Amino acid sequence: PKMVCAPPRQQQYLTVDECHRMLDTCDTSTEVGERNHTLIAFMWSTGLRVSETLHLKWKQVNLEEKTILVHGKGNKQRMAFLNDRINEDLLTMQNMVPAFDEDYVFHSYNVTGQERVPIFEKPLTVSTLDEMLKKVARKAGVDKAVSGKMLRHTFATHMYDVGIDYADIQEMLGHERHMESSIYIHVSLEGCIQQLKKTI
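Residues numbered from 1 in each chain as written. Predicted model: local features only at pLDDT ≥ 70, side-chain atom pairs only at ≥ 80, totals over all residues. Heavy atoms only, no water.

Asks: Looking at this structure, I do not really get the environment of K59. What am I missing?
Replies: As for its position among the elements, K59 is in the loop between α3 (50–54) and β1 (61–62). The sequence separation of K59 and F100 amounts to 41 residues, and the corresponding C-alpha distance is 7.9 Å. A polar atom in the side chain of K59 sits 2.9 Å from the side chain of E102. (Helix = DSSP H or I, 4+ residues; strand = E, 2+ residues; numbered from the N terminus. Polar contact = N/O pair within 3.5 Å; in protein donor to acceptor, adjacent residues only side chain to side chain.)

Structure follows, in structure tokens:
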């Protein structure tokens, strides 16, 4: 049946195909393009909050063990894990633009004419992130108001779709209460099928 009210934009999520189309749009031959590609892939594969992502420093990242130490809300810490692909992306980005432990992973750039100079001590802002995501989405033909928060919704939904336990998703999102996580999970047909398979 047709919905009386459309769901809020911040509760939308991207399909796997839309995520790949956005990643393919980024020009990874440039420093900014590589950063944007890695940033999108990172948020999609970890589900970190926007603030946790943008304030992440290299000293929190362990590429050998494929882990990151996340400083969450209320100064609470948790461990997050990197898959092989995003671990390689971070390594590529680090090799392209060497940085120190105290530098922000997703730093900003100072644009002077045609030149872009990295500012390691200044993180990317939320508004710059969302502007970049909307621009990449338009170029990829994704007709959604993509934001950093939407990537977090996307992560939670895709984890549920492949059959990851609800409690594990809650822990990965850094939530203490079940209700917090339920806002981020959008039950799709694939998700229902996977959950049914687990109970049969």
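Asks: How should I be thinking about the side chain of H107 in this particular structure?
Replies: Here H107 is to be found in strand β4 (residues 107–112). A polar side-chain atom of H107 sits 3.5 Å from the main-chain carbonyl oxygen of Y104. Residues within four places of H107 in sequence aside, it is in contact with R35, V97, P118, I119, F120, K122, P123 and L124. (Contact = heavy atoms within 4.5 Å.)

Asks: Explain the environment of M159 here, please?
Replies: Mapping M159 onto the fold places it in helix α6 (residues 148–161). Residues M159 and G47 lie 112 residues apart in sequence; the distance between their C-alpha atoms is 9.7 Å.

Asks: Explain a positive patch on the surface here, please?
Replies: Taken together, the side chains of R116, K134, K135 and R138 make up a positively charged region of the molecular surface. Among the elements that line the positive patch, the one with the most residues is helix α5 (residues 126–140), at three residues. Position of K135 relative to the elements: it lies in helix α5. Residue classification places K135 among the partly exposed positions, given a relative accessible area of 49%. (Patch = residues over 30% accessible without salt bridge, like charges linked within 9 Å, V, L, I, M, F, W, Y side chains within 5 Å. Areas by Shrake-Rupley, 256 points an atom, 1.4 Å probe, with all protein chains shown as cover. Salt bridge = Lys/Arg side-chain N within 4 Å of Asp/Glu carboxyl O. Lys, Arg positive; Asp, Glu negative; His and termini not counted. Charge placed at Lys NZ, Arg CZ, Asp CG, Glu CD. Buried < 20%, exposed > 50% of the residue type's maximum accessible area, 1.4 Å probe, protein only.)

Asks: Is there a simple way to explain the pattern of salt bridges in this structure?
Replies: Pairing between side chains becomes possible if they bear opposite charge and their charged atoms approach one another. Under the defined criterion, the tally for this structure stands at eight salt bridges. Measuring nitrogen to oxygen at the nearest pair gives 3.3 Å for the salt bridge that ties E102 to K57. Of this pair, E102 sits in the loop between α4 (84–96) and β4 while K57 sits in the loop between α3 and β1, and the two are 45 residues apart along the sequence. According to the relative accessible area criterion, E102 is partly exposed, its value standing at 46%. The shortest N-O distance in the salt bridge between R85 and D89 comes to 3.8 Å. Of the two residues, R85 and D89 both sit in helix α4, four residues apart, roughly one turn of that helix. One connected set of salt bridges, linked through shared partners, spans R49, E52 and R78.

Asks: Honestly, the packing of aromatic side chains in this entry has me stumped. Any pointers?
Replies: To describe a pair of aromatic rings, one takes the distance between the centres and the angle between the planes. Evaluation of the coordinates by the stated rule reveals one aromatic pair. Sitting above the plane of the Y104 ring, K57 keeps its charged end 5.1 Å from the centroid. Between K144 and the ring centre of Y13, over which it is positioned, the NZ or CZ distance is 6.0 Å. (Phe/Tyr/Trp six-rings, centres within 6.5 Å; stacked < 30°, edge-to-face > 60°. Lys NZ or Arg CZ within 6 Å of the ring centre and 35° of its normal.)

Asks: Would you take a moment to explain the packing of helix α2 (residues 31–46) against α6 for this structure?
Replies: In helix packing, the relevant descriptors are the interaxial angle and the interaxial distance, both defined with respect to the helix axes. Direction vectors running N to C along α2 and α6 enclose 45 degrees, while the axes themselves pass 7 Å from each other. The angle between the axes of α2 and α6 places the two elements in the oblique class. Note on element contacts: α6 touches α2 through G148, L151, T154, F155 and H158, opposite I40, M43, W44, S45 and T46. When its residues are assigned to classes, the contact of α2 with α6 shows five nonpolar, five polar and no charged. (Axes fitted to C-alpha atoms, helices over the stretch in contact; angles between N-to-C directions. Parallel < 35°, antiparallel > 145°, perpendicular 65-115°, else oblique. Nonpolar A, V, L, I, M, F, W, Y, C, P; charged D, E, K, R; others polar.)

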